[in-house]
Amino acid sequence: MRLLLIEDDQEAAQFVLKGLRESGYTIEHSADGREGLFQATEGRFDLIITDRMLPHMDGLALVKFLREQGVRTPVLVLSALGTVDDRVQGLKAGSDDYLTKPFAFSELLARVEALLRRSVAPDNSPTRLKVSDLEMDLLSRRVLRAGREIELTAREFKLLEFLLRHAGHVVTRTMLLEGVWDLHFDPQTNLIDVHMSRLRQAVDKGFARPLIHTVRGAGYVIRDEDQSA
Amino acid sequence: MKINPLRTSAFRLALGYGVIFTFGVSALLVSIYLLTKTVLNNEIDAVIAAELEGLTDEYNRFGLNGLADELTWRTDSWGRTGAVYLLVDSHLAKVGGNLLGWPFAGIPRGRWSEFYLDARGTNDEQVRHPVRASVSLLPDGHRLLVGMDVNQERGFVSTFRTATLWGIGLTALVGVLAGSWLSRGLTRRVQSVAETCDAIVGGDLSRRMLVTGARDEFDALAQAVNFMVDRLAEKTQLLRATFDSAAHDLRAPLYRLRGRLEDTLRDPNADQSVRERIDASLQELDHVQRTLSTLLEIAQAESAISVAHSTPVDLGELASDMAELYEPAARQRQLQLTVRKDTRCEVRGNRQLLAQLLANLVENSLKYVPAGGHIDVEVEQAGAGSRLIVADSGPGIPESERSHVLQPFVRLPSAAASTAGTGLGLSLVAAIARLHHAQLALEDNAPGLRVVLSFGSV
């Protein structure tokens, strides 16, 4: 996986570069908007991470230009502008995700993984999702664990579906809030944790091997621990 | 705003001018009519008077027989058209002249009298002609009547009167038509000004008034408004740029700080006590970030004229979604969270901002309502608009504090000590409400707080 980071703040760029390299990605860096655009149009990257305020070229203009050129590479915009309006503008310009600075590195990593997975997995509309002995049928809207039916509310179903679509990968609380509730702000209370604990009650209670795991300082993941270990 | 054409000042002005104009023209035409009528009558009277005088002279010189002969002669030979003569004795019996008999019931009083005469028309039909006459008493008791058939004159006057009335009617009609045409033109221009203003207040700062180049008062108005909007757009732009650079300048160091802390945390050599201290610092940082975000959101909402990216938002649906999101948290605190909603309460706005507003209100209640209490979210239709209400059974806000808890960083003394918070929650609620042109009211829920947001019609 080859990533491109366009960011003019050298120190901040170093943290991102270091973190992503430690996580196993090959990443190149450009500190200038125009130069970054040239590299991005070459089409050899799987993901572009760009700052919004760049010398010589605005990050959003860069995304727009890429899209007009037919470059479909996923773009993640990092920005110090984080109001609801700024976000809408960012997504309208053609970016795939928008992250407000400062963010926890785990948040960035989870989103990078999700974007990369989306671009390599062409089948975005499976009818069944499965992890270990947990099965979800998206057509009949039924969930089975070890052959036994699990009763879920509509929202719990959506929450589990989101986890299953990212099976094996960490999803953050903000990603859940965005993906399941379509809300783009941070509630002050630990709402997601309460909802997750209810989902866990339904899915994992009474089974020897729990499937939903909390990842400290990052979020949640659904996976079969034995397989991954 | 739609302008009712009948209530415009342009229409009233046109109507006023129409009335004055019609009145003036009427006065002119009626004077001409009356003057013409008088002149005609005077002329006739003068002819009759002259003839009566001449005939009386005849009588004085040649006596009654001379007068009778003269009458016969005048009637038979050169008499003027329409002339009427009658000489009667003291018993009103005819002595001479071309009238068949005395036309009056008695002796008419006054100098001038009128009667009708049966005559033969041009096609030999029976017609009644008006006759104006004067009677003179001769010294021997005979009476001489000299008259004139005034049919033609009366016809002329009547035609003149009809023409005058038509003239007045047409003037009024033309006045009304021209007035409404003028006022429609004016109203259309004012309407376009009002519509453009509405669009500008609606948030479209790129709209400008049409300047036609006619250099009239509307162009002057349009230029003044355009100038104002230019300044407003400039100010908004400047404010926006200021917020953006403030956001950038404040967040960049926080971003680097966070990077450094996280980098240290990932260092495998860092020992446990260091990790714990860094964790605590990161939590503090989260708090700072949250406060900063809220402040920037408030600043942006307060500086904007209207909601950008607005769409129809179903308030009831939003309330249900938010209640569903907060319900587990409420239950954890042993609070009852309920939703009551009318169908179809739609407002135009930004769903994210409205969700945030509702979240802030519910979170406030979660913070302050003691266990066992309740939080009720209500969405209802109110007139042409909708109302969103969040009511709780908490301690409420004393009336004296209500106006200033909406200001940034103001927290109730009782709250500051017990719970964590930025003190910006209600300020953001107020800013978002204002942005949506909604009225925000804090009321007593007896006991508790009742926050009422009234949205106008869509």
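Residues numbered from 1 in each chain as written. Chains lettered and ligands numbered in written order. Predicted model: local features only at pLDDT ≥ 70, side-chain atom pairs only at ≥ 80, totals over all residues.

Enquirer: Is there a simple way to think about the overall build of chain A in this case?
Expert: Across its full length, chain A holds 9 helices and 12 strands. Expected size for 229 residues packed as a compact globule is a radius of gyration near 17 Å; at 19 Å, chain A falls within 12% of this value. In terms of principal-axis extent, the alpha carbons of chain A reach across some 60 × 35 × 30 Å. Here chain A, with 229 residues, has 44% of them falling under the buried criterion. (Helix = DSSP H or I, 4+ residues; strand = E, 2+ residues; numbered from the N terminus. Rg over C-alpha atoms; globule rule 2.2 N^0.38 Å. Buried ≥ 20, exposed ≤ 12 C-beta atoms within 10 Å, placed from the backbone.)

Enquirer: For this particular structure, what's the right way to read the overall build of chain B?
Expert: Secondary structure assignment for chain B yields 8 helices and 12 strands. Relative to the 2.2 N^0.38 estimate, which gives 23 Å for 458 residues, the radius of gyration of chain B is 49 Å and therefore markedly larger than a compact globule would have. With the principal axes as the frame, chain B shows a C-alpha extent of 160 × 50 × 40 Å. A total of 458 residues make up chain B; the buried ones form 26% of that total. If you take every contact in chain B between residues at least 6 apart in sequence, the share linking residues at least 24 apart comes to 63%. (Contact = placed C-beta atoms within 7 Å.)

Enquirer: Any chance you could explain the interface of chain B and chain A here in plain terms?
Expert: Interfaces are often sized by the amount of accessible area the parts lose when they come together. Listed by partner, the interface residues are 35 residues for chain B and 30 residues for chain A. Breaking the side of chain B that touches chain A down by element, the ones donating at least two residues are α3 (217-266), α4 (272-303), α5 (315-332) and α6 (351-368) of chain B. Examining the composition of the side of chain B that touches chain A, we find that 12 residues originate from one element, α3(B), more than from any other. Within the side of chain B that touches chain A, the residues separate by chemical class into 14 nonpolar, 10 polar and 11 charged. (Nonpolar A, V, L, I, M, F, W, Y, C, P; charged D, E, K, R; others polar.)

Enquirer: Is there a simple way to think about the domain arrangement of chain B in this case?
Expert: Here chain B is partitioned into domain 1 (1-103 + 130-201), domain 2 (217-303) and domain 3 (311-455). The C-alpha centroid of domain 2 of chain B is placed 89 Å from the C-alpha centroid of domain 1 of chain B. (Domains from an automatic or database assignment.)

Enquirer: Please explain the nonpolar core as it appears in this structure.
Expert: In summary, soluble globular proteins display a tendency toward joint burial of nonpolar side chains. By size, the foremost hydrophobic cluster in this structure holds 120 residues, and its most contacted members are L76(A), L160(A), M322(B), L358(B), V362(B) and I432(B). Tallying contributions element by element places α6(B) first for this core, with 10 residues. Counting residues in hydrophobic clusters, the runner-up holds 20 residues, among them L71(B), V131(B), V135(B) and M148(B). (Core = buried A, V, L, I, M, F, W, Y, C linked by C-beta atoms within 7 Å.)

Enquirer: What is the right way to read the sheet that holds strand β5 (residues 97-100) of chain A from this model?
Expert: Sheet strands line up and pair through hydrogen bonds in the backbone, either parallel or antiparallel. Residue and element names in this part refer to chain A. In space, the 5 strands of this open sheet follow the order β2-β1-β3-β4-β5, with parallel pairing throughout. Where the open sheet ends on each side, the last strands, each with one partner, are β2 (26-30) and β5. Looking at each pair of strands side by side, their axes are set apart by 20° on average, direction ignored. The pairing of strand β3 (residues 47-51) with strand β4 (residues 75-79) spans 4 bridges and is classified as parallel. Across the sheet, the residue bridging to D51 is L78, located in β4. This element, helix α3 (residues 59-68), spans β3 and β4 of the sheet and lies at about 170° to β4. Contacts from helix α5 (residues 105-120) reach β3, β4 and β5, with the element oriented near 175° to β5. (Pairing = 2+ DSSP bridges. Axes fitted to C-alpha atoms, helices over the stretch in contact; angles between N-to-C directions.)

Enquirer: Can you help me understand the packing of helix α6 (residues 154-165) of chain A against helix α8 (residues 191-204) of chain A in this one?
Expert: If you want to describe how two helices pack, look at the angle between their axes and the distance between the axes. Residues and elements named next belong to chain A. Relative orientation of the contacting elements α6 and α8 amounts to 90°, with a least axis distance of 10 Å. As summarised for this structure, α6 and α8 are arranged roughly perpendicular, according to the angle between their axes. Within the contact between the two elements, α6 uses E156, L159 and L160 and α8 uses H195, R198, L199, A202 and V203. (Parallel < 35°, antiparallel > 145°, perpendicular 65-115°, else oblique.)

Enquirer: Teacher, can you tell me more about α5(A) here?
Expert: With 16 residues, α5(A) should reach 22 Å at 1.5 Å per residue; the first-to-last C-alpha distance of 23 Å fits that figure. For α5(A), the complete set of buried residues consists of F105(A), E107(A), L108(A), L109(A), A110(A), R111(A), V112(A), A114(A) and L115(A). (Expected span 1.5 Å × (residues − 1).)

Enquirer: Mind showing me how you'd approach the domain arrangement of chain A here?
Expert: Residue and element names in this part refer to chain A. As far as domains go, chain A holds domain 1 (2-120) and domain 2 (128-228). Computed from C-alpha atoms alone, the centre-to-centre distance between domain 1 and domain 2 is 28 Å. Between domain 1 and domain 2, the contact holds 9 residues from the first and 11 residues from the second. Top contributing element to the side of domain 1 that touches domain 2 by residue count: α5, with 7 residues. Each residue belonging to the side of domain 1 that touches domain 2 can be placed in one class, and the counts come to 3 nonpolar, 1 polar and 5 charged.

Enquirer: Even after reading the chapter, I still don't get the packing of α8(A) against α5(B), so can you show me in this structure?
Expert: It is the contact of α8(A) with α5(B), at a shortest axis distance of 9 Å, that shows an interaxial angle of 85°. With respect to their mutual orientation, α8(A) and α5(B) come out roughly perpendicular. In this structure, α8(A) contributes L191(A), V194(A), H195(A) and R198(A) to the contact, and α5(B) contributes L325(B), Y326(B), P328(B), A329(B) and Q332(B). Within the contact of α8(A) with α5(B), the residues separate by chemical class into 6 nonpolar, 2 polar and 1 charged.

Enquirer: Quick question: what am I supposed to make of the environment of T291(B) here?
Expert: The topology assignment puts T291(B) in helix α4. On the neighbour-count criterion, T291(B) (15 C-beta atoms within 10 Å) is partly exposed.

Enquirer: Explain unusual backbone geometry here, please?
Expert: In this structure, the amide linkage connecting K101(A) to the following residue, P102(A), adopts the cis form with an omega of -10°. Mapped onto the elements, P102(A) comes out in the loop between β5 and α5. Cis rather than trans, the peptide bond between A446(B) and P447(B) has omega equal to -5°. Within the secondary structure, P447(B) sits in the loop between β11 (439-444) and β12 (449-455). Non-glycine residue H56(A) carries a positive phi angle of around 70°. Take H56(A): it is sitting in the loop between β3 and α3. Look at H56(A) and you get exposed, because 12 C-beta atoms sit within 10 Å. Positive phi, normally seen in glycine, also occurs at A446(B), with a value near 40°.

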